[in-house]
Amino acid sequence: MKLFNRMPAEVREAVTPPDRVLTYAEGPDGHVIATDRALYIRGTRLPWFRVDRGLWDEEGLTVVTTSGEEHRALLPQPGRVPEAVRERVTASIVVSQYAPLDARGGVRLVARRTDDDRTIWEFVFDSGMDPEDPGLRALAEQALEEARRSFGV
């Protein structure tokens, strides 16, 4: 029986200070490391406020960032990584509110807390809506101002 669960040197070396390791799991492509500030997956550091969601299946983890990038890692034995991802992504969200814009649909307004305690807002438009449409952007900005006043953020 192991009395101490020593963290592998490659896990310690992969983490950028001041990040603190919460949990990790090893897969065929290396370690996936959940820290208090970021997820380390396949050599990439993803701050929690940039992670939109984590998707799990029997083979491993797919992480989708707020910019739409996907990162995949095979993890046959994920340990506590799934719950750490869920908890840290949820903890980064300050506000998430849906605002209808016009007959075509609406936008989700999401405020997230960054590592340095700033709040950043994102627009997540319904599928089929053009986020570059100036009219939609103006409606989304108006909805954002209303949300900021309402939530005080």
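Predicted, not measured: the structure shown is a model, and the values here were computed from it.

Draft legend 1. Spotlight on the nonpolar core. Counting residues in each nonpolar core, the largest one holds 16 residues, and the members touching the most others are Val32, Leu39, Ile41, Trp48 and Val63. Secondary-structure elements contributing two or more residues to this core are β2 (30-35), β3 (38-41), β6 (60-65) and α2 (81-92). The greatest single-element share of this core, amounting to four residues, is contributed by α2. Trp48 has contacts with Ala34, Thr35, Asp36, Arg37, Ala38, Leu39, Ala84, Val85, Arg88, Val89, Ser92 and Arg112, leaving out every residue within four places of it along the chain. Counting 14 residues, the second largest nonpolar core, distinct from the first, contains Ala111, Leu136, Ala143 and Leu144.

Draft legend 2. Here's a closer look at the sheet that holds strand β10 (residues 119-125). The strand order across the open sheet formed by three strands is β8-β9-β10, and the pairing between neighbours is antiparallel. What marks the edges here is a single partner per strand, and that holds for β8 (93-102) and β10. Across the sheet, the axes of successive neighbouring strands diverge by a mean angle of 20°, strand direction being ignored. As defined by bridge partners, β8 adjoins strand β9 (residues 105-113) across eight bridges and the pair is classed as antiparallel. Note on β9: the bridge partner recorded for Ile93 is Arg112. Across the sheet, α2 is in contact with β8 and β9; its angle to β8 comes to roughly 65°. Those strands touched by helix α3 (residues 134-151) are β8, β9 and β10, and its axis lies near 135° from that of β10.

Draft legend 3. Inspection of a nonpolar patch on the surface at higher detail. A surface patch of nonpolar side chains, amounting to about 220 Å² of accessible area, comprises Val94, Phe151 and Val153. Note that Val153 resides in the segment after α3. Val153 sits in the partly exposed class, given a relative accessible area of 31%.

Draft legend 4. Molecular detail of the side chain of Thr23. Turning to its location among the elements, Thr23 is positioned in strand β1 (residues 21-27). Thr23 gets classed as buried once you look at its relative accessible area, which sits at 13%. Sequence-distant contacts of Thr23, that is, excluding residues within four places in its chain, are made with Val32, Ile33, Ala34, Arg80, Val81 and Ala84.

Draft legend 5. Structural view of the pattern of salt bridges. In the structure shown here, the tally under the stated rule is 15 salt bridges. With its nearest N and O atoms 3.1 Å apart, the salt bridge here joins Arg80 to Glu83. Overall, Arg80 belongs to the exposed group, its relative accessible area being 54%. Here Asp102 makes a salt bridge to Arg104, at a shortest N to O gap of 2.7 Å. Residue classification places Arg104 among the exposed residues on the basis of a relative accessible area of 53%. Via salt bridges that share partners, Asp52, Arg53, Arg112 and Glu122 belong to a single interconnected network.

Definitions and limits used
- Residues numbered from 1 in each chain as written.
- Predicted model: local features only at pLDDT ≥ 70, side-chain atom pairs only at ≥ 80, totals over all residues.
- Heavy atoms only, no water.
- Core = buried A, V, L, I, M, F, W, Y, C linked by side-chain atoms within 4.5 Å.
- Buried < 20%, exposed > 50% of the residue type's maximum accessible area, 1.4 Å probe, protein only.
- Helix = DSSP H or I, 4+ residues; strand = E, 2+ residues; numbered from the N terminus.
- Contact = heavy atoms within 4.5 Å.
- Pairing = 2+ DSSP bridges.
- Axes fitted to C-alpha atoms, helices over the stretch in contact; angles between N-to-C directions.
- Patch = residues over 30% accessible without salt bridge, like charges linked within 9 Å, V, L, I, M, F, W, Y side chains within 5 Å.
- Areas by Shrake-Rupley, 256 points an atom, 1.4 Å probe, with all protein chains shown as cover.
- Salt bridge = Lys/Arg side-chain N within 4 Å of Asp/Glu carboxyl O.

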